[in-house]
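Coordinate analysis (summary)
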Amino acid sequence: MRLFLALVPPPALRRRLGELADAARTRCGGRRMPDDSFHLTLAFLGEQPETRATEIGDWLARFSILPGQWRLDRWGCFRRRGIVWVGGAEGEAALRDLQGQLWEGLEGMGVSGRPARFAPHITLLRRAPRPPGPGLPDASLTWDYTRVELIQSVTTPGGSHYASLARTTIPEESPCLPSR
Ligand code: 2AM
């Protein structure tokens, strides 16, 4: 199973991201992510056996995370992969801490693949031939997040579909992830 840990935006933010994705697609081309697929990847785990998914899901469900706020305010792209994204510096430090805590726990379970660099972003377009530039609307959004989800990615000819398998509990119901 192809797995990753991510934050999933609430519905109102997803709709707003969808509007930005529509504007970006007009300018940059490429394939727009569906509204219900927007997410921020915190840990990409790749192919894992089903038993591992259960183990990670059980582990995740025992914890809560420190709620945080991420201020989105800029457009960006990964040219080689044609990815057009939105991101922002305010709140990135907390996301880095969270990503580090998650990887500590994952590595404790024997999962490898922690990246050397973590660049928080929300992908809006894939395979876009043109980069974002002038004329795009302000990517000015606030994301209040409270939990991390374990997501399975299923690849089909029409693109990837995501299914949420498990999640951290909302704060105050369970212990916080151990801090580093
Ligand atoms: P992206 O948004 O930059 O494309 C599910 O596939 C998520 O995991 C996507 O959000 C994707 O990030 C990320 N992902 C996919 N393949 C990856 C890889 N080989 N290494 C790191 N992250 C990956």
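Residues numbered from 1 in each chain as written. Predicted model: local features only at pLDDT ≥ 70, side-chain atom pairs only at ≥ 80, totals over all residues. Heavy atoms only, no water.

As for the layout of surface pockets
As a reminder, the rule being used: Any residue with an atom within 4 Å of a point lines the site, the site being either a cavity, points on a 1 Å grid over the protein atoms alone where a 1.4 Å probe fits but cannot get out, or a pocket, an open set with protein on both sides within 12 Å along at least 5 of 7 lines. Grid points are joined across faces, edges and corners, and a volume is the space filled by probe spheres set on the points. Working definition: helices are DSSP H or I runs of at least four residues, strands are E runs of at least two. Numbering for both runs from the N terminus. The residue classification treats Ala, Val, Leu, Ile, Met, Phe, Trp, Tyr, Cys and Pro as nonpolar and Asp, Glu, Lys and Arg as charged. All others, Gly included, are polar.
Taken as a whole, the largest pocket spans an internal volume of roughly 920 Å³. At the level of secondary structure, the elements contributing two or more residues to the lining of the largest pocket comprise strand 1 (2-7), strand 2 (31-32), strand 3 (40-47), helix 3 (92-108), strand 7 (122-126), strand 9 (149-156) and strand 10 (159-167). In the lining of the largest pocket, the residues fall into 15 nonpolar, 14 polar and seven charged.

Considering the site of the ligand
We count it as follows: One heavy atom suffices: a residue is near a molecule or strand as soon as one of its heavy atoms comes within 4 Å of it. Definition of a polar contact: a pair of N or O atoms within 3.5 Å, with one able to donate and the other able to accept a hydrogen when the atoms are protein atoms, and with sequence-neighbouring residues admitted only if both atoms are side-chain atoms. Exposure was quantified through the Shrake-Rupley algorithm and a 1.4 Å probe, taking into account, for residues, occlusion by the shown protein chains and nothing else.
As a structural note, the neighbourhood of the ligand is formed by R2, F4, H39, T41, F44, R81, I83, H121, T123 and R126. R2 places a polar side-chain atom, nitrogen or oxygen, 3.4 Å from a nitrogen atom of the ligand. With respect to the ligand, the side chain of T41 contributes an N or O atom lying 2.8 Å from an oxygen atom. Here the ligand loses 70% of its free accessible area of 480 Å² to cover by the protein chains.

Quick notes on the packing of aromatic side chains
Which entries qualify depends on this criterion: Here a Phe, Tyr or Trp ring, Trp counted by its six-membered ring, pairs with any other such ring whose centre lies within 6.5 Å, and the pair is stacked when the planes are under 30 degrees apart, edge-to-face when over 60, and tilted otherwise. Exposure is judged per residue with a 1.4 Å probe applied to protein chains only, and the accessible area is read against the type maximum: over 50% gives exposed, under 20% gives buried, and values in between give partly exposed.
For the coordinates displayed, the defined rule picks out four aromatic pairs. Consider the rings of F4 and Y162, whose centres lie 5.2 Å apart with planes at 75°: the pair is edge-to-face. One end of the pair, F4, is in strand 1; the other, Y162, is in strand 10, with 158 residues separating them in the sequence. The buried category is assigned to F4, whose relative accessible area is 4%. Residue classification places Y162 among the partly exposed residues on the basis of a relative accessible area of 25%. Measuring from centroid to centroid gives 5.7 Å for F78 and W85, while their planes differ by 50°, and the two rings are tilted. Given a relative accessible area of 10%, W85 falls into the buried group.

Let's talk about the environment of L102
Applied cut-off: In this analysis, two residues are considered to be in contact whenever any of their non-hydrogen atoms come within 4.5 Å of each other.
You can see L102 is positioned in helix 3. The spatial distance from the C-alpha of L102 to the C-alpha of V86 is 23 Å, given a sequence separation of 16 residues. Contacts of L102, omitting those with residues within four sequence positions, involve L5, L42, W59, L60, V148 and L177.

A look at the UniProt feature "active site" (unreviewed entry) in the chain
Applied cut-off: UniProt positions are given in the numbering used here, feature names are shortened, and annotations may be inferred rather than shown by experiment.
Summarizing the sequence annotation, UniProt attributes the feature "active site" (unreviewed entry) to H39 and H121 in the numbering used throughout. Over a stretch of 83 residues, the named residues converge on one spot in the fold, their C-alpha atoms separated by at most 8.5 Å. Lining the largest pocket, out of the annotated residues just given, are H39 and H121. Within the fold, H39 resides in the loop between strand 2 and strand 3. On the basis of relative accessibility, which here comes to 9%, the residue H39 falls in the buried class. At a separation of 2.7 Å, a polar atom in the side chain of H39 contacts the main-chain carbonyl oxygen of S37. The topology assignment puts H121 in the loop between helix 3 and strand 7. A residue is classified by how much of its surface remains accessible, and H121, at 19% relative accessible area, is buried. If we skip the residues at most four places from it in the chain, H121 touches H39, L40, W70, F78, W85 and V86. Within the structure, the side chain of H121 is placed 2.7 Å from the backbone oxygen of A119, a separation counted as a polar contact.

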